[in-house]
Amino acid sequence: MLDHTPKRITNRSALVVNPAKTCQPVGAMYAALGIHGCLPHSHGSQGCCSYHRMHLARHFREPAMASTSSFTEGTAVFGGRSNLEESVKNIFAIYDPDVIAINTTCLSETIGDDISSIISDIEIPEGKHVIFSNTPSYQGSHITGFSNMVRAMVTSFAQGSARDDFINIIPGFIDPADMREIKRITSLMGIHFVMLPDASGVVDAPNTGRYEMYPKGGTRIEELIRAGNAKVTIAFGWFASAEGAYALERKCGVTPEIIQTPIGIEATDEFIMQLVRMTGKSVPNELEEERGRLVDIMTDTHFHFHGKKAAVFGDPDIVIPVTQYLLSLGMKPVHILTGTPGEYFVKKIKKMTDKAGLNSRVKAAGDLMELHQWIKNEPVDLIIGNTYGKYISKAENIPLIRIGFPILDRSVQTYLPITGYVGAMRIIEKISGVLLDRQDAEASDEDLELVM
Amino acid sequence: MQTYNIGGDEWEITRILNKIGYYVVSVMTGNSSYEKISNAHTADLNLVQCHRSITYIAEMIEKKYGIPWLKVNFIGINSTIESLRNISEYFNDEGLKKMTEEVIAEELANIETQMQKFREVCVGKKAIIFVGGSRAHHYQTLFSELGMETLVAGYEFGHRDDYEGRNVLPSLRPDADSKNIEELSIEKDVKFYRLRVSEDRLEQLKKIMPIDNYEGMIRDMDDGTIIIDDLNHYETEVFIKAIKPDIFCSGVKDKYVVQKMGIYSKQLHSYDYGGPYAGFNGAVNFSRDIIMGMVTPTWGYIVPPWKSMPLLEGKIAYETEGTEVGLKC
C-alpha cells in the first residue's frame with residue numbers, strides 16, 4: 001500500500017498527489033441542499049454534476065438530487081447561455097422546486113458565462129427563485145464552494161435591518177446531526193434563531209416508504225429573508241461560514257461573530273459563552289450537566305489517550321477545533337493538514353500547538369502524500385480524517401478515526417453529532433475505542449486485560 | 001517467591017532475579033502452576049513481598065522444610081536495590097554479589113535520565129495511599145524517591161503487625177476473629193527438611209536484614225503523617241478535603257468518588273490496567289502514569305466558563321452633551 005511514497009520530503013510545485021480536498025461545487029451543492037425545496041443546478045457538463053452528486057450521496061447514503069446544464073462540445077465553444085435558459089424552464093416545469101441554486105463549474109468559468117446576466121433575462125415563475133454562485137474548482141476547495149453558496153443565499157434573500165430578538169447561525173460544512181445538535185443547544189438556551197443552510201431533515205430524511213424530492217428539512221425562504229433582521233450572526237468557521245456572515249453585515253447590518261465550530265469542550269464552551277454574551281440568557285442546568293458528564297469522562301479515561309500522537313487532516317473549520325480538543329485531552333497533534341488553502345489555518349493551529357509546547361507540522365493547501373511523508377518521518381498513534389486516510393492507515397498500520405468529509409466506507413456518522421458536549425463524548429469514544437482495540441489486538445495472551 | 005502479579009509485577013521481578021543468576025523455583029501468584037508450587041520446597045530462600053496475605057505460609061514452609069523467608073520490597077528503586085543486596089548477602093556468594101551490583105548499575109543507568117525528569121514534575125506533591133498487600137507501605141518508598149510526601153496511609157485488612165511490625169505478635173491475644181482461621185499444625189518434613197543456613201548465621205543475618213521478620217509501616221513514616229486503619233467513605237472525604245492531595249491511591253470503588261472531587265485517583269489494586277510498577281522499569285512506568293494523571297489538562301475544565309468569567313460586558317455611553325450617563329449592560 002502506497003509503497004512508493006518516499007520518506008524524504010522534497011519540494012514539489014505544480015503537483016498534488018492524493019489531494020486532501022474536493023471541488024467547489026460539492027460544497028455549493030451541499031449548502032444548496034440546506035434550503036428547503038431547493039434543487040441545486042450544476043452549470044457545466046454532466047460529468048461534473050454526476051461526480052458531485054455521487055460524492056454527496058455516498059457520504060450521506062441519501063439522495064443528492066441536482067440538475068445540470070449538460071454542456072457538450074458545442075457549449076464549450078458557444079457558451080452555456082441557451083443551456084441554462086432551457087434548464088431553468090425545464091426544471092420549474094418538471095421538478096417544480098421553490099429555488100434553483102446554480103453553481104458554476106471549471107468549464108463554464110473558463111468560458112466566462114455571465115450567470116447574473118443570463119438569469120436576469122430568464123422569466124422566473126411567480127414565487128420561485130433562482131440564485132447562483134461562482135464556484136471554479138481551480139480555486140479553493142469544496143469549503144470555498146460551500147462558503148460561496150452561503151453568501152449567495154444571503155445576498156439573494158436576506159432583507160431588513162430590524163434588530164429583532166433572534167440570531168442567525170451559519171453552521172458551515174458539517175453533518176446534519178451536527179446542525180441538529182447546534183439547534184438543540186441553542187433552543188435549550190431559549191434563543192430564537194435562523195440556521196442557514198440547514199441540511200438536517202434533507203440529507204438524513206426518514207424512510208417512510210414514500211420518496212419526497214424535497215424533504216421536510218432545510219431553511220425556509222421566509223427565514224432566509226428574515227435573516228436580515230437578526231440581532232447577530234454566529235458563523236462557525238473562518239473558511240465555510242465567515243463570508244456569509246460578512247455579506248449579511250454588508251447587506252443588512254447584522255453583526256457577524258465568527259467562532260470555531262463547536263467541536264470539543266473548549267469550542268463548545270466558546271459557542272455557549274458567545275450565546276450568553278449576545279443574548280444575556282443563562283445556561284440551563286441541562287447543558288451544564290452535559291458538560292459535567294463530559295469532563296467526568298475526560299478525566300476518568302485520560303490514560304487511554306494522554307500523550308498519544310495524532311495526525312489530523314480534513315476541512316479547516318473542523319480540523320482547527322479537533323486539534324484544540326486533542327490538546328484538551330492531553331494528546332499530541334503533531335501533523336495537521338488541510339487541503340483548503342488559507343494561511344489563517346496555519347496561524348491558528350500554530351498558536352495552539354506552540355502554546356502546548358509542540359513543534360507540530362502544519363500546512364494549508366497540502367496533500368495526503370505529504371501527510372504520509374510526515375508520518376513516515378515522525379510516526380503517530382492515530383490518524384484523524386476522512387476516508388481517504390485509510391490508505392495511509394493501512395500502509396503504516398496506524399488506526400484511523402473517521403471525522404470529516406467525505407466518509408465513504410463507514411455509516412451512521414452523519415446521524416450522530418461530533419459537536420457539542422455529547423459530540424465531544426463521541427470523539428473520546430472513538431479515540432479510546434481504536435487505541436484500546438489496538439492494544440487488545442497486539443497484547444500477548446497474558447497481557448490481555450479484561451478491564452481497561 | 002510470595003508476591004502478587006498485578007500489571008506483571010512478578011514478571012518484572014523475575015526478570016531481574018534471572019538476570020542476576022537466580023533460579024525462581026515457584027511463584028505463589030495466580031499465574032503459578034501446581035507443578036511449580038509442588039516444587040516450592042526445593043528453594044533455598046523464600047521471598048515475601050506481601051506481608052499480610054502470605055507470611056503465615058512462609059512460616060509454615062520454614063517450619064516444615066527449613067527455608068527462611070526474607071521480607072522484600074520491589075516497589076521503588078532504593079527498596080529494590082536493598083532487597084537485591086539482602087538476597088545476595090543471604091546467599092553469601094561473591095559471584096552473585098558481583099552480578100547483583102552489575103545488574104543494579106545497568107538497570108539504574110537505563111532509567112536515570114527519565115527518573116530525573118519525573119522527579120522534577122513530582123517534587124512536593126502530596127499523596128494518600130490506602131491499599132493493602134503491603135502496598136500502602138511499599139509505594140511510600142517510590143513516592144519519596146519522586147520527592148513526594150505520603151501524608152496518609154492505611155490498609156483495609158491490615159493487622160497490627162502490618163503497621164507496628166512483628167514484634168507485637170507475642171503480645172496479641174487470640175480473639176473470636178483469629179479463630180475463624182483453622183490452626184494448621186505443621187511439623188518438620190522428615191524427608192525434605194533441610195537447614196539452608198546454620199542457626200548462628202541466620203541470627204547474624206537477622207540483625208542486618210528483615211529475615212523472618214517485618215518491622216511494619218509505621219517505622220518508615222515521618223512524624224505528623226497519619227496512619228488510619230480500615231478507612232471508611234466518610235473519613236475518605238474528610239481527609240481529602242483537609243489534605244487536598246495531588247494523588248489518592250486506592251481501588252476502583254473509591255476512584256471515581258475521589259475523581260468527582262477533582263483529585264486524581266490511581267488504582268493500586270489493579271494499577272488502572274497499567275504496569276508493571278515493580279523493579280527499575282516499573283518505577284519508570286509508575287512515574288509516567290501518575291504524572292499523566294496529575295497533569296492531564298482535563299482537570300482544568302471542571303468549572304464551566306459561565307461560572308468563572310464575567311457574563312456581562314459594560315460599555316460607557318455618552319449623551320450628546322458628552323456627559324457620562326452610566327454603564328449600559
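Residues numbered from 1 in each chain as written. Chains lettered and ligands numbered in written order. Predicted model: local features only at pLDDT ≥ 70, side-chain atom pairs only at ≥ 80, totals over all residues. Heavy atoms only, no water.

## Observations regarding the overall build of chain A
Reasoning step 1: Broken down by element type, chain A carries 18 helices and 13 strands.
Reasoning step 2: Taking 2.2 N^0.38 as the reference for a compact globule, 452 residues should give roughly 22 Å; the C-alpha atoms of chain A span a radius of gyration of 22 Å, in line with that estimate.
Reasoning step 3: Across its three principal directions, the C-alpha atoms of chain A cover 75 × 55 × 45 Å.
Reasoning step 4: Buried residues in chain A amount to 58% of all 452 residues.
Reasoning step 5: Partitioning the contacts of chain A with sequence separation of at least 6, the portion at a separation of at least 24 is 74%.
Reasoning step 6: Accessible surface computed for chain A: about 17,900 Å², of which carbon and sulfur atoms make up 49%.
Reasoning step 7: One way to put it: in chain A the 44 positive side-chain charges average out to a point 3 Å from where the 53 negative ones average out. (Helix = DSSP H or I, 4+ residues; strand = E, 2+ residues; numbered from the N terminus. Rg over C-alpha atoms; globule rule 2.2 N^0.38 Å. Buried < 20%, exposed > 50% of the residue type's maximum accessible area, 1.4 Å probe, protein only. Contact = heavy atoms within 4.5 Å. Areas by Shrake-Rupley, 256 points an atom, 1.4 Å probe, with all protein chains shown as cover. Lys, Arg positive; Asp, Glu negative; His and termini not counted. Charge placed at Lys NZ, Arg CZ, Asp CG, Glu CD.)

## Points about the packing of helix H7 (residues 142-157) of chain A against helix H10 (residues 242-252) of chain A
All names here are of chain A.
Reasoning step 1: Orientation of H7 relative to H10, taken along the N-to-C sense of each, is 20 degrees, at an axis distance of 8 Å. Taken together, the axis directions place H7 and H10 in an arrangement best described as roughly parallel. At the point where H7 passes H10, the crossing takes the right-handed sense. Where H7 abuts H10, its residues Ser147, Val150, Arg151, Val154, Thr155, Ser156 and Phe157 lie against Glu243, Gly244, Ala247, Leu248, Arg250 and Lys251.
Reasoning step 2: Tallied by class, the residues present in the contact of H7 with H10 amount to five nonpolar, four polar and four charged. (Axes fitted to C-alpha atoms, helices over the stretch in contact; angles between N-to-C directions. Parallel < 35°, antiparallel > 145°, perpendicular 65-115°, else oblique. Left-handed = near helix turned anticlockwise from the far one by under 90°. Nonpolar A, V, L, I, M, F, W, Y, C, P; charged D, E, K, R; others polar.)

## Considering the nonpolar core
Reasoning step 1: Counting 110 residues, the largest nonpolar core has A:Ile272, A:Phe345 and A:Ile431 as its most contacted members.
Reasoning step 2: Looking at which element gives the most residues to this core, the answer is H7(A), with eight residues.
Reasoning step 3: Within the second largest apolar cluster, 64 residues are counted, among which are B:Tyr4, B:Leu96, B:Tyr214 and B:Cys249. (Core = buried A, V, L, I, M, F, W, Y, C linked by side-chain atoms within 4.5 Å.)

## Topic: the interface of chain B and chain A
Reasoning step 1: Residue-level contacts link 24 residues of chain B with 28 residues of chain A.
Reasoning step 2: Taken together, the two surfaces of chain B and chain A that pack against each other cover about 2,400 Å², and 67% of this comes from carbon and sulfur.
Reasoning step 3: On the chain B side of the interface with chain A, the three residues burying the most area are B:Tyr273, B:Tyr301 and B:Trp306, jointly 34% of the side's total.
Reasoning step 4: Where chain B touches chain A, the interface holds two salt bridges.
Reasoning step 5: Contributions of two or more residues to the side of chain B that touches chain A are made by helix H10 (252-260), helix H11 (279-295) and helix H12 (305-308) of chain B.
Reasoning step 6: Partitioning the side of chain B that touches chain A into residue classes produces 16 nonpolar, four polar and four charged. (Buried area = accessible area lost by both parts, 1.4 Å probe. Salt bridge = Lys/Arg side-chain N within 4 Å of Asp/Glu carboxyl O.)

## Focus on the sheet that holds strand S3 (residues 126-130) of chain B
All names here are of chain B.
Reasoning step 1: Pairing is parallel in the open sheet, where five strands are placed in the order S5-S4-S3-S6-S7. Among the strands making up the open sheet, the edge pair consists of strand S5 (226-227) and strand S7 (264-267).
Reasoning step 2: As paired strands, S3 and strand S6 (residues 247-250) are joined by three bridges and run parallel to one another. Note on S6: the bridge partner recorded for Ile129 is Cys249. (Pairing = 2+ DSSP bridges.)

## A look at helix H4 (residues 77-91) of chain B
Residue and element names in this part refer to chain B.
Reasoning step 1: Helix length check: H4, at 15 residues, gives a terminal C-alpha distance of 22 Å against a target of 21 Å (1.5 Å per residue), a fit within 8%.
Reasoning step 2: Residues of H4 that are buried include every one of Ile77, Ser79, Thr80, Ile81, Ser83, Leu84, Asn86, Ile87, Ser88 and Tyr90, and no others.
Reasoning step 3: A positive backbone phi angle near 50 degrees is found at Asn92, which sits one or two residues after H4. (Expected span 1.5 Å × (residues − 1).)

## Brief notes about the pairing of S7(B)
All names here are of chain B.
Reasoning step 1: Neither face of S7 is open: one carries Tyr264 and Lys266, the other Ser265 and Gln267, and all of them are buried.
Reasoning step 2: Across four bridges, the pairing between S6 and S7 is parallel. Within the sheet, the bridge partner assigned to Ile247 lies in S7 and is Tyr264.

## Quick notes on a nonpolar patch on the surface
All names here are of chain A.
Reasoning step 1: The grouping of Met1, Tyr388 and Tyr391 at the surface amounts to a nonpolar patch, some 300 Å² of accessible area in total.
Reasoning step 2: Mapping Tyr388 onto the fold places it in the loop between strand S12 (382-385) and helix H17 (390-396).
Reasoning step 3: Classification of Tyr388 by relative accessible area gives partly exposed; the value is 34%. (Patch = residues over 30% accessible without salt bridge, like charges linked within 9 Å, V, L, I, M, F, W, Y side chains within 5 Å.)

## Concerning the sheet that holds strand S5 (residues 167-170) of chain A
Residue and element names in this part refer to chain A.
Reasoning step 1: Taken in spatial order, the four strands of this open sheet run S6-S5-S7-S8, and their pairing is parallel. Of all strands in the sheet, those bounded by a partner on one side alone are strand S6 (193-195) and strand S8 (255-259). Across this sheet, the average inter-strand angle for adjacent strands is 20 degrees, counted without regard to direction.
Reasoning step 2: Bridging between strand S7 (residues 232-236) and S8 involves five bridges; their strand directions are parallel. Counted as the bridge partner of Ile234 is Glu257 from S8.
Reasoning step 3: Against the sheet, H10 engages S5, S7 and S8, with an angle of about 170 degrees to S8.

## So, the domain arrangement of chain A
Size of an interface: often given as the accessible area lost when the parts come together.
Residues and elements named next belong to chain A.
Reasoning step 1: Examined at the domain level, chain A breaks down into domain 1 (24-157), domain 2 (167-279) and domain 3 (285-446).
Reasoning step 2: Measuring from the centre of the C-alpha atoms in domain 2 to the corresponding centre in domain 3 gives 24 Å.
Reasoning step 3: Interface area, domain 2 with domain 3, both sides summed: about 2,700 Å², of which 63% is carbon and sulfur.
Reasoning step 4: Connecting domain 2 to domain 3 are two salt bridges. (Domains from an automatic or database assignment.)

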